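# Close look at the chain arrangement
As a plain string of letters, each chain reads:
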Amino acid sequence: MTRLTGKVAIVTGASRGIGAGIATAMAAEGATVIGCDVLGFSAPALAATEALDVTDEDAWAQVVAKVLERTGRLDVLVNNAGITSPESVHESRLEEWRRVVSVNQTGVFFGMRAAIPAMEAGGGGAIINISSICGAAAVPGIAAYHAAKGAVRTMTKNAAITYARQGIRANAILPGWIQTPMTAGQSADVNDRFLDATPLGRPGTPSDVAGAAVFLASDESAFITGVDLPVDGGYLAA
Ligand code: NAP
C-alpha cells in the first residue's frame, strides 16, 4: 500500500462519510493526510486533523501554512466538504441558497486558491473536487446544490487548464448515491429514486469513492487532468 508514499494531502469534510473514507484510504496508501472538518475531530489513522470551515478564507490560509510548516509540501487537495438543501427554485430562500453555494462552491474556490501556490512551489500536485451526479444531470428540487455542483465541474476544468504547465492536475469526482450520514438524512422517497436509477442496483460506499480519489491523487493518473469521473454505479450512463 504505497501508491501515495511521500505525498502530503489535505482532505476536507474528513470526519465522516465520503471524506473519512478518502482520508483513511489515502493514509493507508502511505500519504501524510491532514483531515479537516468544520469542528475538530480525532482520527488516529491520519497524520493530523484540523478544524477548518471551508467558507473561512483566513482559516484556509492558516491550515495550508501549518501544513507547509509541518511537512514542507502539499501534493494533494481533496475538496470534499459539502451540504445539501431540498429547496426548489421558487421556494429557495436567499440565505439558504447562499449557505449551500458558500460551502459547496466558494469553499472549493478558497481551497484551490490556498493550495495552488504551495503545490506550484513543490513542482505540482493533484486537486480532486467532489462534485456529484447532480452536477451533470437533474433531479427535482435541490436547486442550490445543483448550481454549486455544476459549477464545481467547470471550476475544476478551469484549474486543470490554467495550472497544467505548473504540474498541477485537477479532476472532479461525481459520486452517485453513496451511503453516508448525508443520504441517511434524506427522505426515503429521494433515496429510493436514486437507487432505482442506479444500474448496478446497490448503493455506493465511501470506499467506492475513495478508490477513485486515490487513483486521481496517485502518479497512475499522471496524464489525466480536467476530467469528470462518475462513481455512480452507472447512473449517468442510463
Ligand atoms: P456528509 O456525510 O454530510 O459529510 C460531509 C462532511 O462535511 C461532514 O463531516 C460535515 O461536517 C462537513 N462539512 C459541512 N460543512 C462544512 C464546512 N463549512 N467546512 C468543513 N466541513 C464541512 O456528506 P457525504 O455524503 O460524505 O458527502 C461528501 C461530499 O460528497 C459532499 O460534497 C457531497 O455533496 C458529495 N456527494 C455525496 C453524495 C452521497 O450520495 N452521499 C453524492 C454525490 C456527492 P458537519 O456535519 O459537522 O457539518
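In short, a report on the structure. (Residues numbered from 1 in each chain as written. Predicted model: local features only at pLDDT ≥ 70, side-chain atom pairs only at ≥ 80, totals over all residues. Heavy atoms only, no water.)

Counting secondary structure elements, the protein chain contains seven helices and seven strands. Along the protein chain, from the amino end to the carboxyl end, the secondary structure elements read β-α-β-β-α-β-α-β-α-β-α-α-α-β. Dimensions of the protein chain, computed from C-alpha atoms along their principal axes, come out at roughly 45 × 35 × 35 Å. Restricting to contacts in the protein chain with at least 6 residues of sequence separation, those with at least 24 account for 70%. Surface exposure of the protein chain reaches about 10700 Å², of which carbon and sulfur atoms provide 55%. With 17 positive and 22 negative side-chain charges, the protein chain shows a separation of 4 Å between the mean positions of the two kinds. (Helix = DSSP H or I, 4+ residues; strand = E, 2+ residues; numbered from the N terminus. Contact = heavy atoms within 4.5 Å. Areas by Shrake-Rupley, 256 points an atom, 1.4 Å probe, with all protein chains shown as cover. Lys, Arg positive; Asp, Glu negative; His and termini not counted. Charge placed at Lys NZ, Arg CZ, Asp CG, Glu CD.)

Next up on the list: the packing of aromatic side chains. Evaluation of the coordinates by the stated rule reveals two aromatic pairs. Ring centres of Phe 109 and Phe 110 lie 5.4 Å apart, and the angle between their planes is 35 degrees; on these two criteria the pair is classed as tilted. With 5.9 Å between their ring centres and 40 degrees between their planes, Phe 194 and Tyr 235 make a pair best called tilted. Taken together, the positions of Phe 194 in helix H6 (residues 188-196) and Tyr 235 in the segment after strand E7 (228-231) put the pair 41 residues apart, joining distant regions of the chain. We note that Phe 194, like Tyr 235, is buried. (Phe/Tyr/Trp six-rings, centres within 6.5 Å; stacked < 30°, edge-to-face > 60°. Buried < 20%, exposed > 50% of the residue type's maximum accessible area, 1.4 Å probe, protein only.)

What follows covers the site of the ligand. What surrounds the ligand is a group of 28 residues, the closest being Arg 16, Asp 37, Asn 80, Tyr 145 and Thr 180. Within the contact set of the ligand, an oxygen atom lies 2.8 Å away from a backbone nitrogen or oxygen of Ile 178. Protein chains shield 89% of the accessible area of the ligand, which is 880 Å² for the free molecule. Counting residues per element, the ones that place at least two in the shell around the ligand are helix H1 (17-28), helix H4 (143-162) and helix H5 (181-184). It is H5 that provides the largest number of residues to the shell around the ligand, a total of three residues. A per-class count over the shell around the ligand returns 14 nonpolar, ten polar and four charged. (Near = heavy atom within 4 Å. Polar contact = N/O pair within 3.5 Å; in protein donor to acceptor, adjacent residues only side chain to side chain. Nonpolar A, V, L, I, M, F, W, Y, C, P; charged D, E, K, R; others polar.)

Take the environment of Arg 70 next. As for its position among the elements, Arg 70 is in helix H2 (residues 57-71). Classification of Arg 70 as partly exposed rests on a relative accessible area of 45%. Those residues in contact with Arg 70, other than ones at most four positions away along the chain, are Ile 34, Ala 48 and Glu 50.

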